[in-house]
Structures are given as structure tokens and as C-alpha cells.
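Fold and geometry: a report
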Amino acid sequence: MSGEPTAAPQAGAPRLSIADFATMAITFFSLAVTLQVVLIDIGTPPLRAFIASSVIFSATSQFAYLAVREAGGGEWAAIIAGTIVATRFGILAVSLIPRLPAGGFRRVLAAVNAFDPNVAIAVQQATPEHVEREFWRTTGGMMIGWFPGVAVGTFLGDVLGDTSRLGLDALFPAALLAIIGNLLRTRDGRTAGMAGGLACLVLLPIVPAGLPIILSLSGVAVAVALSTEQVGGRTS
Amino acid sequence: MTVFSIVALTIAVWGQRLIGGFAIGPWLERRPTLSKAASLIPAAVVMAVIVQLTVARGRSLVVDERLAGVVVAGVLVWRRAPFLAVVLSAAATTALIRAVAG
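Here's what I pulled together on the structure shown here. Keep in mind it's a predicted model, so treat the numbers as computed, not measured.

Conventions adopted
- Residues numbered from 1 in each chain as written.
- Chains lettered and ligands numbered in written order.
- Predicted model: local features only at pLDDT ≥ 70, side-chain atom pairs only at ≥ 80, totals over all residues.
- Heavy atoms only, no water.
- Helix = DSSP H or I, 4+ residues; strand = E, 2+ residues; numbered from the N terminus.
- Rg over C-alpha atoms; globule rule 2.2 N^0.38 Å.
- Buried < 20%, exposed > 50% of the residue type's maximum accessible area, 1.4 Å probe, protein only.
- Contact = heavy atoms within 4.5 Å.
- Buried area = accessible area lost by both parts, 1.4 Å probe.
- Salt bridge = Lys/Arg side-chain N within 4 Å of Asp/Glu carboxyl O.
- Polar contact = N/O pair within 3.5 Å; in protein donor to acceptor, adjacent residues only side chain to side chain.
- Nonpolar A, V, L, I, M, F, W, Y, C, P; charged D, E, K, R; others polar.
- Axes fitted to C-alpha atoms, helices over the stretch in contact; angles between N-to-C directions.
- Parallel < 35°, antiparallel > 145°, perpendicular 65-115°, else oblique.
- Left-handed = near helix turned anticlockwise from the far one by under 90°.
- Expected span 1.5 Å × (residues − 1).

Helix and strand counts for chain A stand at 13 helices and 0 strands. Each helix (α) and strand (β) of chain A, taken in turn from the N terminus, gives the series α-α-α-α-α-α-α-α-α-α-α-α-α. The C-alpha radius of gyration computed for chain A amounts to 19 Å, which stays within 12% of the reference 18 Å derived for 236 residues, consistent with globular compactness. Counting only C-alpha atoms, chain A reaches 50 × 45 × 35 Å along its principal axes. Within chain A, the proportion of its 236 residues that are buried is 53%.

The interface is formed by 65 residues belonging to chain B together with 96 residues belonging to chain A. At the boundary of chain B with chain A, total buried surface from both sides reaches about 7,100 Å², with 75% on carbon and sulfur atoms. Among the residues of chain B in contact with chain A, B:M1, B:R17 and B:F83 are the three that bury the most area, contributing 12% of the side total. Counting across the chain B and chain A interface gives 2 salt bridges. Applying the counting rule to chain B against chain A returns 18 residue pairs in polar contact (both at pLDDT 80 or more). Sorting the residues of the side of chain B that touches chain A by element identifies α1 (3–29), α2 (32–55), β1 (56–57), α3 (65–78) and α4 (83–101) of chain B as the ones contributing at least two each. With 23 residues, the top contributor of residues to the side of chain B that touches chain A is α2(B). Looking at the side of chain B that touches chain A residue by residue, the class counts come to 41 nonpolar, 16 polar and 8 charged.

A few words on the packing of helix α3 (residues 59–70) of chain A against helix α9 (residues 168–179) of chain A. Residue and element names in this part refer to chain A. Closest axis-to-axis distance for the α3/α9 pair is 11 Å, and the angle between their directions is 140°. It follows from the interaxial angle that α3 and α9 lie oblique. Crossing angle aside, the handedness with which α3 passes α9 is left-handed. Two secondary-structure elements touch here, α3 through A59, T60, F63, L66, A67 and E70 and α9 through F172, A175, L176 and I179. Considered class by class, the residues forming the contact of α3 with α9 number 8 nonpolar, 1 polar and 1 charged.

The subject of this paragraph is unusual backbone geometry. Backbone geometry at A:F57 places phi at a positive 55°, although glycine is not the residue there. By the secondary structure assignment, A:F57 is in the loop between α2 (46–56) and α3. Backbone geometry at B:R80 places phi at a positive 60°, although glycine is not the residue there. By secondary structure assignment, the location of B:R80 is in the loop between α3 and α4.

Residues and elements named next belong to chain A. Relative to the 16 Å expected for 12 residues at 1.5 Å per residue, α3 spans 16 Å between its end C-alpha atoms, a close match to the ideal helical length. For α3, the buried fraction is high: 10 of the 12 residues fall into the buried class. Within the span of α3, buried status applies to A59, T60, S61, Q62, F63, A64, Y65, L66, A67 and V68. Looking one or two residues beyond α3, the residue adopting positive phi is G72, at roughly 95°.

See the structure below:
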């Protein structure tokens, strides 16, 4: 089983094999279950948790929001944190759009569905038609996992009971770590991560809840300043 | 989550793809330093969320069983373990230490 469809290009561009498709579905299934269990554990009514994950469809944004709220931060600080972590979707859309076949509607439809794995695979394809096809195949794998995961997780979260006994409070940060794993593998990503994490650690006891996460943006400035990579390379 | 936050985040998450992709994107592409900075935002901010969830209780720093679980997760992510293995190992580690210690 290949865990990373973006690596090991065989004949030309990487295509999503059946095993990769299944891995994608299982990953998004587990992610959705995790998110639902956490949401319900902290007191979100099950039906509302179900609707939230179905319409927002972004585990990182929801986790960021919850982290701020759990620390006692205000509603707006939490929403800002959830919005900042979603800026990457806009950036992913930027690298995807010019590679798609021409056509306003098809491009918009793909752009609003830009996620990390589907864009990563799509942008490696040679022709616009292949970009579009692999993009939607990967998106299909994600969605086939996500929506049943939301349903199962909503049910599980409702029946689990005392979740800290099960270590579920560690599941939440562990899931986030897995999501940004590939970014932390690059040198600049690692620098930004360490600087952002450190900023949060230092600020936590000092400033009001929610601000440490928003101010961790300073880690980006540190990473750009320390970067030795030649600026001007593609961001994708 | 409140109903307001669900509406706000839905608009923010989906809207950013349209604004980012069609309005800001072409402008950003011509500014390499800014566009590099933008691509690093998730690393910094998500890591801050991870730190908060791992060593904070409210506004105080606490080292407890969660840290052990997250360290295990870090090692597994580094070794490219599947998502399910990462999260289950983290939860199991934390639960186990908690059961033994508590």
C-alpha cells in the first residue's frame, strides 16, 4: 500500500491508483470521525456538529476555532484563527486554476474544492485535461471518506462518554500534526512551524486567549527572513 | 461550535478559495516574497494551535500525558505513517500513561 500518492512518479505524472484512492478515503474518514468526536466531546450538540463539518469541510479551521474557544478566547478571536489557517486553500486555488482547462464555470467549481491532497496530485499532471481528471478523482476519494466519517463520528461522539480516559485530547493535536506533516518536511516550513509554535508558547501565559495563535503569524516573517532558498521559485 | 461561527467559517473557508484564486492570486504571483510568506502561514499557525492543545490549560502551561501522545504522533508523522496510525497511537499513548499514573 502506498501512503503517498504524490511521491514515486512511475510513467510520467503520478496517477491515483486504487490503493491510493482507498488510502485517501480512509484518511479523510478517520479525520472526520476524529473531528466529530472532539466537537461533541466539548459540548456541541450532535446535529449541529454534523452540519458544521458537512458545510465547513475543513478540519484545520474547525480545530483552530475550537482551540481558541477551549482556552477561553472570544468568538471573534476564534473565527479569525479558523480563517487564518484556511488561507492555504486560497493559495492552493492559485496554483490549481491556471493549470485547468479553460472555462469559467469548470474552473470555479474546481477552485472551491481545492484541498491539500487533490491540488498536490493535480498540479503534477502534464495536460489540463489530466489535471482536471486527477483533481476530481482525488476529490472523490476524499469525499467518499469524509461524509460517512462525519456520520459515524457523530454517532460515536454521542455514545463514547469520558473521552479523556481514551486519550482523545491528544488525538486533536496529533491529527493537526499529520495534516501539516508535508509542509514541515520542507526547510522553510519547519522554520515557520518552530517559530510559530515558540511564539505561541511564550505568549500563552501573557496575552489574552486567542491572540497567541493569531500572533504566531510572526513565525512566517522569521521563516522568510531566514530562508536561504532563492525567492522566485514557484509556490506550488 | 455556535451557529454564528459555523456560518462565518463556512463563508471564510469557501470564500477564500474564490477570492484567493481569482482576485488576490494573480496579484500575489507577481510578488515572490509575499507569495512565499503566504504559503508558510499554515505551518506557523497550525503549529501554534498544536502547541496550545498540547501544553496549555486555559492560559497556563501544563506538561501532562498529552505531550507524550503528541511526541509519539510527531515521530510517526516524520516516518510517514498513515493518518489512522498516527492519531490512534497518540490517543493510546496518552490513555495508557493516564491509566498507569492516575
